[in-house]
Amino acid sequence: MNILMITQNDPAGMAIAFTNAINRYTEHSCRLITTETRYNFDYQKDIHLPDIGEDGFDEIRDLLSQAEIIHFHLLADENMELGPVRIKEFVKGKMLIHHHHGHPHFRANPEYYREKYKKLRRKVLVSTPDLLQLVPEAVWQPNIVPVDDPLYLPLPCSNKNNERFIIAHSPTRKELKNTEEIIQVFGILQEKLSQKLKLDIIENTPHRECLRRKQQCDVFCDHMQGYFGVSSLEALSQGKPVIAGLDEWNISCIKEFTGCDKLPWLIARDADSLERILKKLCQEKIFRTVTGKASRRFMEQSWNTSKIVDHLIGQY
């Protein structure tokens, strides 16, 4: 199959991650067109509209003509124009898929999108299980991380000098990721514990540098919103204990997809439980080590790249 992904910006780098994985692990061909850049994450690009010259639009026309499947991310659809190229002129006879990643407009107006896709008879994918509650007829397509890439591997020793215990947190939007509560809990632990603690809040940072800093941490905090982000998967792959406030719905969906009875996340749904878990991780090295090994094992066995890609190809 010839697959063409189209998105405004790349959501958490997932569009390029899926593109690379399809090309590496399957016999199918995938290309990616992005039209804009948000934030400062510097994800790898394929065809990025602001970077191409006039000849680039000829390549875009060829890709649209040859594509059997057009996979739209975020709010992209066939009504978009790629410079002088109108996508709508190329969609006849092709399968069109819409993949949502929690854009604020989508979260605020799920019925609008449900009605739109029902009328068009389109398949809808969502990136996290919580979005299934907004669009029950969608399919959860788990996010992907390249677990064998060096930046996603555990370091032999993340804190060689053992001078500080590093807690990392990488919020894109702090107001949505419980950053304030994490800072408050960190302050409490600093006063209670004798060891040196460091809180590394990673933001507005190129993605590869973000991964390098996460590799150096001892514990990673995602957020307590009930679901989980790509940040969780990255840190699990790096063999870190990962704290997140997964709710029962997300836990059940993950267990169903992976077939695992026990998940590697440490569950904290409020500041008190976050403080308790962080304190235990700080003080008990064996618990920290065992938890980190379980994180990596889970990603290798139950969330590996080929399994996630096979699921996506199954949707196609």
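Residues numbered from 1 in each chain as written. Predicted model: local features only at pLDDT ≥ 70, side-chain atom pairs only at ≥ 80, totals over all residues. Heavy atoms only, no water.

A. Quick peek at the packing of aromatic side chains. Summed over all chains, the structure comprises eleven aromatic pairs. Among the aromatic residues, those joined into a ring-pair cluster are Trp140, Phe228, Phe257, Trp265, Phe298 and Trp303. Cation over ring: Lys214 sits above Phe220, and NZ or CZ is 4.5 Å from the ring centre. (Phe/Tyr/Trp six-rings, centres within 6.5 Å; stacked < 30°, edge-to-face > 60°. Lys NZ or Arg CZ within 6 Å of the ring centre and 35° of its normal.)

B. Region of the structure containing the pattern of salt bridges. Taken as a whole and judged by the stated rule, the model has 18 salt bridges. Between Glu36 and Arg38 there is a salt bridge, and its shortest N-O distance comes to 2.7 Å. The class for Glu36 is partly exposed, based on a relative accessible area of 30%. Residue Arg38 is classed as partly exposed on the basis of its relative accessible area of 38%. Ionic pairing is found between Arg296 and Asp148, a salt bridge with its closest N-O pair at 4.0 Å. Residue Arg296 is found in helix 10 (residues 285-302), and its partner Asp148 is found in the loop between strand 9 (139-140) and strand 10 (165-169); the two are separated by 148 residues along the sequence. A network of salt bridges, in which partner residues are shared, links Arg31, Asp46 and Glu59. (Salt bridge = Lys/Arg side-chain N within 4 Å of Asp/Glu carboxyl O. Buried < 20%, exposed > 50% of the residue type's maximum accessible area, 1.4 Å probe, protein only. Helix = DSSP H or I, 4+ residues; strand = E, 2+ residues; numbered from the N terminus.)

C. How the structure looks around the nonpolar core. Trp140, Ile254, Trp265, Phe298, Trp303 and Tyr316 are the most contacted members of the largest nonpolar core, which totals 59 residues. With sequence-adjacent residues up to four places away left out, Tyr316 is seen in contact with Met1, Ile3, Met5, Ile22, Ile69, His71, Met95 and Ile97. (Core = buried A, V, L, I, M, F, W, Y, C linked by side-chain atoms within 4.5 Å. Contact = heavy atoms within 4.5 Å.)

D. How the structure looks around the layout of surface pockets. Of the voids in this model, the largest pocket is the one considered here, and its volume is about 1,200 Å³. With three residues, the top contributor of residues to the lining of the largest pocket is helix 7 (residues 230-237). Classifying every residue of the lining of the largest pocket by side-chain character gives 16 nonpolar, 20 polar and eleven charged. (1 Å grid on protein atoms, 1.4 Å probe; cavity = no way out; pocket = protein on both sides within 12 Å on 5 of 7 lines; lining within 4 Å. Points joined across faces, edges and corners; volume = space filled by probe spheres on them. Nonpolar A, V, L, I, M, F, W, Y, C, P; charged D, E, K, R; others polar.)

E. Fine view of empty space enclosed by the protein. Scanning the entire structure with this criterion turns up one cavity of 30 Å³ or more. Put simply, the largest cavity is a space of about 40 Å³. For the lining of the largest cavity, the class distribution of residues is six nonpolar, two polar and two charged.

F. Up close: the state of the cysteines. Inspection of the entire model under this criterion finds zero disulfides. Unpaired in terms of disulfides, Cys221 finds its nearest cysteine sulfur in Cys217, a separation of 8.8 Å. For Cys282, which is in no disulfide, the shortest distance to another cysteine sulfur is to Cys221 and amounts to 9.6 Å. Residue classification places Cys282 among the buried positions, given a relative accessible area of 6%. (Disulfide = S-S within 2.5 Å.)

G. Looking closely at the sheet that holds strand 8 (residues 123-126). Pairing is parallel in the open sheet, where seven strands are placed in the order 3-2-1-4-7-8-9. If you trace the sheet from one side to the other, it starts and ends with strand 3 (47-48) and strand 9, each paired once. Two strands pair when backbone bridges link them, and strand 4 (residues 69-73) and strand 7 (residues 95-100) are joined in this way by five bridges, in the parallel orientation. The residue of strand 7 that forms the bridge with Phe72 is His98. (Pairing = 2+ DSSP bridges.)

H. View of the environment of Leu49. Looking at where Leu49 falls in the secondary structure, it is placed in the loop between strand 3 and helix 2 (54-66). Considering only alpha carbons, one finds Leu49 and Gln8, 41 residues apart in sequence, at a separation of 9.5 Å. Non-local contacts of Leu49, meaning those with residues more than four positions away in its chain, are made with Ile33, Thr34, Thr35, Phe57, Ile60, Leu82 and Gly83.

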